[in-house]
Amino acid sequence: MLHIETKVKLPFLWGKAAFKKNNWTQVNLIVGPNGSGKTLLANEIASQFRNYDLDVTFLRSDRIPEDQVLAVLRSNQQVKERIESVLSGMFGKSITFQEQEDGSFLPMVVNKARGVEYNLKEGECHGLKEILQLLIALYNSQSDCLIFDEPELHLHPQFQLFFMKEIRKAAALEPGKIFFLITHSPFFIDLRFPEDLLGVIVCHVNRVPTCIDQLSTEDELLFRRFLPRFNTYHKQFFFSDNQIFVEGYTDQQLFSHLLELTSSWYSSVGTGIIDVGGKDELGVFCKVCSLLGTDGRIVGDLDSLFKGKLRDVLAQDPRPALWLQHQEEKQLPFYTQLFTATSLRRGITLEKLIVRLERYLVDMGAALCNLPESIPPELALLVEKLREMYDKYQKVEDLDTYKTVVLQGVNQVGHLMEGLIPAQLFNTIPLIKNLTSLIFAAAATARVYILPNGCIEHYYTQNHVQYMPISGKDKLFHKEQEYMSQVQPEVLRMEYNELIEILDQACMRDSS
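All of these numbers come straight from a predicted model, not from anything done at the bench.

Scoring rules and cut-offs
- Residues numbered from 1 in each chain as written.
- Predicted model: local features only at pLDDT ≥ 70, side-chain atom pairs only at ≥ 80, totals over all residues.
- Heavy atoms only, no water.
- Axes fitted to C-alpha atoms, helices over the stretch in contact; angles between N-to-C directions.
- Helix = DSSP H or I, 4+ residues; strand = E, 2+ residues; numbered from the N terminus.
- Parallel < 35°, antiparallel > 145°, perpendicular 65-115°, else oblique.
- Left-handed = near helix turned anticlockwise from the far one by under 90°.
- Contact = heavy atoms within 4.5 Å.
- Nonpolar A, V, L, I, M, F, W, Y, C, P; charged D, E, K, R; others polar.
- Pairing = 2+ DSSP bridges.
- Buried < 20%, exposed > 50% of the residue type's maximum accessible area, 1.4 Å probe, protein only.
- Arc of directions from axis to C-beta.

## Focus on the packing of helix α8 (residues 217–226) against helix α10 (residues 279–292)
Item 1. Following both chains from N to C, one finds α8 and α10 inclined at 125°, their axes separated by 11 Å at the closest point. With respect to α10, the element α8 is oriented oblique. Our pair here, α8 against α10, has a crossing hand that is left-handed. Contact residues: α8 offers D219, L222, F223 and F226, while α10 offers V284, F285, K287, V288 and L291.
Item 2. Residue composition of the contact of α8 with α10, grouped by class: seven nonpolar, no polar and two charged.

Next up, the structure:
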C-alpha cells in the first residue's frame, strides 16, 4: 500500500463534493459508465502525483503515433526481443522488426501455417497493433506511475486477460511502481484477494467517485470465500450503478424479459439482470455494492429474510437503520404492540423487527400443526406442508423455509384461521402483516426488494404454486418462458403486473 494524499474537485461533474484517497494499491482500476469523468479524474490524479515528484506516463486512448512505437524498438534491443517473443507466442506467427532497404523499420510477420511473409503495418489487425503499443509502454517505461486509458480497445478478451497478467508481473518486479487502468471491460477486473478491492475507484454520473478505504476482518473473510466464484458476468456492476442482482437463472430470464415493459424503461438503459447463483451470494453483492458506493439493487426471495448473508448484511447496513430511526415517532403506537417499554428504550433495529416476526411465525406454525383434520381444504394444504417439515427436521423452528411457509399461509389463508387457532394468536395476523410491510420498506432503503409472495415461481401464470419448497423448477420455468415468448406485451403487463412493479422500484434512479 502506497500513501499519497489525493484530493480531486470537479465541480461541473460532482458539485461541491471532493474525491479523496490517500492509500493506493499497486494496481488501481478506474471504472464506471460513460460520461462519469473517469479520464478527467485520472488526469487530476496524475497531476497530484507529479506534485509528489513522481514521474507519470499517461497512455491515452488515442495512443502514441506508430513511428514513435517503432522508434522505441529500434533503439532498445532488449524490449524489441521481448516484444517479438511475446507476440510470436500469442499469435502463433513469427514476428520480427526489421530494417528495410529504404531505412524504414517495419514489423514483419511470417505465418508459419501458410508460409507467407507480410508487413504488419499493411496487413495486420488493429488488435495486434494495440497490444504492441501497450506492451512497449509497459516494458519500456521508467516512470513511477503508468496510466492506461481504455487498454481494451481493439483487444480480444483473451488479450485483455493476458495484458492484465503482464501488469501484475510488472508490479511484482517493481514494488514501488503504481499502475492505473481506466476501463469499461470486465476482463480487467482482476480481483484475486480482498485487498484488491481497495484499488477499485468507481465513477458515477453526477456524483463523486467512491472507493473502499479499508476492509474489516469480517469483510475480508467474506470476500476471500467469495472472490474465487466471482466471474466475468458478475463484474458488469462495476460499469453501471443500475444493475439488479437476483438469486438464480430463472429469475434472471423472467426479469430480463419483463424489463422493457417497465414504466422506467428508457431511464433504465444500462440496467442488467445478473444472477449470482444463490441466496448467500446476494448478500455478498449487497455488501460489495454498499462498500464501493455503487447503487446496486437486489431482488430476493422471501426466505432471505430469515437466514443467510443477505439478512446479515441488511441488519448491518446503515440505510435501513437511519430510515427506521426517522420512523420511530410515527410507528410508536405500532411498536408498543410488539415490544416492551424496556425493549423500546434500547431502540428499534431491522434485526429486532425480523426476530419479532420470526417469533410470531413460530408460534403460529406450532398452532397450525395442532389443528384437527376437519378444516377447510385451503388451510389443510398449508398444514400438510408444515407437518411434512416437522416430520423431516429436528429443529423446524430454525428453518427459514418453515417460517416462509407460515408467512405465506398467513397472507393467503389467514382469514380461514379464525375460530380454529387461539383468538390471541389470530389477533396477531394484522401485526404480522404490518410488521412484514415495515421490514420490506426498510430493506428497500438499501435497494433490496423482497418478493412478497415467496419466490419467482409464485408469480407464474401457467402453473399455480402456493408454498415453498418447490420441486420441478426447470419444468415449470420452461413452460412459463414459452408462454411469455408467445403473448403480446399488453398481456404480459397485465399478468405479471406485480413483478413489473417490483422492477419499476428497482429501476428507479437514486435521487442523491
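Let us keep going from here.
## Quick word on the sheet that holds strand β12 (residues 244–246)
Item 1. Read from one edge to the other, the open sheet built from four strands follows the order β13-β12-β14-β15, with strand pairing classed as parallel. Because the sheet does not close on itself, it has two edges, and the strands there are β13 (273–275) and β15 (448–450). Here the average twist between neighbouring strands, direction ignored, is 25°.
Item 2. Sheet topology note: the β12/strand β14 (residues 297–300) ladder contains three bridges and is parallel. Residue F245 lies in a different strand from β14, and its bridge partner there is I298.
Item 3. Strands in contact with α10 are β12, β14 and β15; relative to β14, the strand with the most contacts, it is inclined by about 160°.

## Concerning α8
Along an α-helix, a turn takes 3.6 residues, which lines up residues three or four apart on a common side.
Item 1. Those residues of α8 that sit buried are D219, L222, F223 and F226. Take α8 and look down its axis: the buried residues cluster within an arc of 90°, on one side only.
Item 2. On its buried face, α8 is in contact with α10 and α11 (309–316).

## Focus: the pairing of β14
Item 1. On β14, burial covers both faces: R297 and V299 on one face and I298 and G300 on the other are all buried.
Item 2. When β14 meets β15, the two strands line up parallel, connected through three bridges. Looking across to β15, one finds that I298 is bridged to V448.

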